[in-house]
There are 2 protein chains.
Amino acid sequence: MARLVDVIEDMIKEMIDENNGIATINRSALAEQANCVPSQITYVLSTRFSSGQGYIVESRRGGGGQITVTRVDFLNKFEYLKEMIDAIGDAVTQQQARILLEGAVSAGAITKRDAIIIMSAVSDRALGLVETETRSKVRARIMKNLLLALISE
Amino acid sequence: MARLVDVIEDMIKEMIDENNGIATINRSALAEQANCVPSQITYVLSTRFSSGQGYIVESRRGGGGQITVTRVDFLNKFEYLKEMIDAIGDAVTQQQARILLEGAVSAGAITKRDAIIIMSAVSDRALGLVETETRSKVRARIMKNLLLALISE
DNA sequence: ACACTTTGACTTTCTTTGACAATTAGATTA
DNA sequence: TAATCTAATTGTCAAAGAAAGTCAAAGTGT
């Protein structure tokens, strides 16, 4: 028979998958669903969802309390940004920049906020004073610097 | 079910938003609206609108008494960034940019992280391809765009 | 034998409620 | 006018309620 820990682990992972990388758990409700005591959930969380395993677990006690489990993918994020920097290369147009940033957001590599910030720095409006011949090159350079700053922080 | 505290917190924040950063509250009326005892309002105020969270709460008892909640952080931040944009003007050197950003961080107007990001976009390294005569002007333009993006987010 | 699971009693934290106290503006009275 | 009363407000505090956390003892599988 499958071990309880495994059952619960799967349940939580499924919740995470179904919900964009974030599961919001009501401990006692989940315990009831899995037919076990609430502290079992705590046990699974601490043995299978540690930060070393790529998860962030936050919780609140008291009325309306809850546990949230977030899956973070540092490696992928890092890889993604590196590839993005490659893709930018020596020059990038405003359109290309926008597309790259949108892709990064939906891949979860950067936040929407950061995308907006970066876009505001490399828009044609921001770079209006740069001659059109070099503009795409300047844009590429700024954008790569911004992405590197995001990575190494 | 949504927590009562959260509901009330949102109600108050909405009032603040709708009214220029200042909410004037009648405790018992708000309690009735939220379907709770008046002291619940007091509880929310003390746990969610402390000065550490950027709010000033003042009150008066007795006939015609009331509670006012003022948001300070956002206003100050906003003002600070506006002045910063003024200070940048048409042109700004790398040194000046760094000093302005450090000031903004210690004033709490922007986070250290954002300062690093902005600096990475306006450093001489990022703007290396821009001719030296126009570089300070380009830098000013990018920096102002970035700050505006921060403000309006 | 050992490491890992499962259970449950007890603890800690946060929220909700209600009774009672303090304060104030305005009306009433001496 | 000055003092007093009254009604309208907010403040305080402790108890009850609603989660999640801890830890040690008992159970299981290899």
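Residues numbered from 1 in each chain as written. Chains lettered and ligands numbered in written order. Predicted model: local features only at pLDDT ≥ 70, side-chain atom pairs only at ≥ 80, totals over all residues. Heavy atoms only, no water.

Bringing the pattern of salt bridges into the picture now. All names here are of chain A. Taken as a whole, this structure holds 16 salt bridges over all chains when the rule is applied. For arginine 139, the salt bridge goes to aspartate 124, with nearest N and O atoms at 2.6 Å. Highlighted residues: arginine 139 in helix α7 (residues 132-151) and aspartate 124 in the loop between α6 (112-122) and α7, separated in sequence by 15 residues. Given the relative accessible area of 2%, arginine 139 is considered buried. Using a relative accessible area of 30% as the deciding quantity, one classes aspartate 124 as partly exposed. (Salt bridge = Lys/Arg side-chain N within 4 Å of Asp/Glu carboxyl O. Helix = DSSP H or I, 4+ residues; strand = E, 2+ residues; numbered from the N terminus. Buried < 20%, exposed > 50% of the residue type's maximum accessible area, 1.4 Å probe, protein only.)

Here we come to the UniProt feature "domain: CtsR C-terminal dimerization" (unreviewed entry) in chain A. The feature "domain: CtsR C-terminal dimerization" (unreviewed entry), as given by UniProt, occupies residues 79-147 of chain A in the numbering adopted here. End-to-end, the C-alpha atoms of residues 79-147 of chain A are 12 Å apart, and along that stretch the chain is 72% helix and 0% strand. (UniProt positions renumbered as here; feature names shortened; annotations may be inferred.)

Our focus in this paragraph is the sheet that holds strand β1 (residues 22-25) of chain B. Residues and elements named next belong to chain B. Ordered in space as β1-β3-β2, the three strands form an open sheet in which the pairing is antiparallel. Strands at the two margins of the open sheet, each flanked by one partner only, are β1 and β2 (55-60). Between one strand and the next, the sheet's axes are offset by a mean angle of 15°, whatever the strand orientation. Here β2 pairs with strand β3 (residues 66-71) via six bridges, running antiparallel. What sits directly across from tyrosine 55, in β3, is arginine 71. (Pairing = 2+ DSSP bridges. Axes fitted to C-alpha atoms, helices over the stretch in contact; angles between N-to-C directions.)

Attention now goes to the protein's contact with DNA strand C. In the vicinity of DNA strand C, 26 residues are found, and the nearest of them are Ser39(A), Tyr43(A), Arg48(A), Arg61(A) and Tyr43(B). Within 4 Å of the protein, the atoms of DNA strand C are drawn from sugar and phosphate moieties in a proportion of 61%. Interatomic distance of 2.9 Å between a backbone N/O atom of Val5(A) and a phosphate oxygen of DNA strand C. Take Tyr43(B): an N or O atom from its side chain is 2.5 Å from a phosphate oxygen of DNA strand C. Secondary-structure elements contributing two or more residues to the surface near DNA strand C are α1 (4-18) and α3 (38-48) of chain A together with α1 (4-18) and α3 (38-48) of chain B. In the surface near DNA strand C, the residues fall into ten nonpolar, eight polar and eight charged. (Near = heavy atom within 4 Å. Polar contact = N/O pair within 3.5 Å; in protein donor to acceptor, adjacent residues only side chain to side chain. Nonpolar A, V, L, I, M, F, W, Y, C, P; charged D, E, K, R; others polar.)

This brings us to the nonpolar core. Counting residues in hydrophobic clusters, the biggest one holds 53 residues, and the most contacted among them are Ile142(A), Met143(A), Leu147(A), Ile142(B), Met143(B) and Leu147(B). Among the elements of the structure, α4 (74-88), α5 (94-106), α6 and α7 of chain A together with α4 (73-88), α5 (94-106), α6 (112-122) and α7 (132-151) of chain B are those that each provide at least two residues to this core. Considering every element that reaches this core, the biggest residue donor is α7(B), with eight residues. The contacts of Met143(A), once residues within four sequence positions are left out, are Met84(A), Ile88(A), Val92(A), Ala97(A), Leu100(A), Leu101(A), Ile118(A) and Val122(A). (Core = buried A, V, L, I, M, F, W, Y, C linked by side-chain atoms within 4.5 Å. Contact = heavy atoms within 4.5 Å.)

A few words on the protein's contact with DNA strand D. Taken together, 30 residues surround DNA strand D, and among them Ser59(A), Arg27(B), Ser59(B), Arg61(B) and Gly62(B) come closest. If you look at DNA strand D and keep only atoms within 4 Å of the protein, 68% of those are sugar or phosphate atoms. Arg27(A) places a main-chain nitrogen or oxygen 2.9 Å from a phosphate oxygen of DNA strand D. Between a phosphate oxygen of DNA strand D and a side-chain N or O atom of Ser59(A), the distance comes to 2.9 Å. Elements represented by at least two residues in the surface near DNA strand D include exactly α2 (27-34), α3, β2 (55-60) and β3 (66-71) of chain A together with α2 (27-34), α3, β2 and β3 of chain B.

Residues and elements named next belong to chain B. For β3, the tally of buried residues reaches five of six residues, placing the bulk of the element in the interior. Pairing of β1 with β3, which is carried by four bridges, proceeds in the antiparallel orientation. Bridging across to β3, alanine 23 finds its partner in valine 69. Linking β2 to β3, which pair antiparallel, is a turn of five residues; within it glycine 62 sits at a positive phi near 75°.

Right, let's get into the sheet that holds β3(A). Each strand in a sheet pairs with another by means of backbone hydrogen bonds, the pair being arranged parallel or else antiparallel. All names here are of chain A. A sheet is described by the order of its strands in space; here three strands give the open sequence β1-β3-β2, paired in antiparallel fashion. For this open sheet the edge positions go to β1 (22-25) and β2, each flanked by a neighbour on one side alone. Across this sheet, the average inter-strand angle for adjacent strands is 15°, counted without regard to direction.

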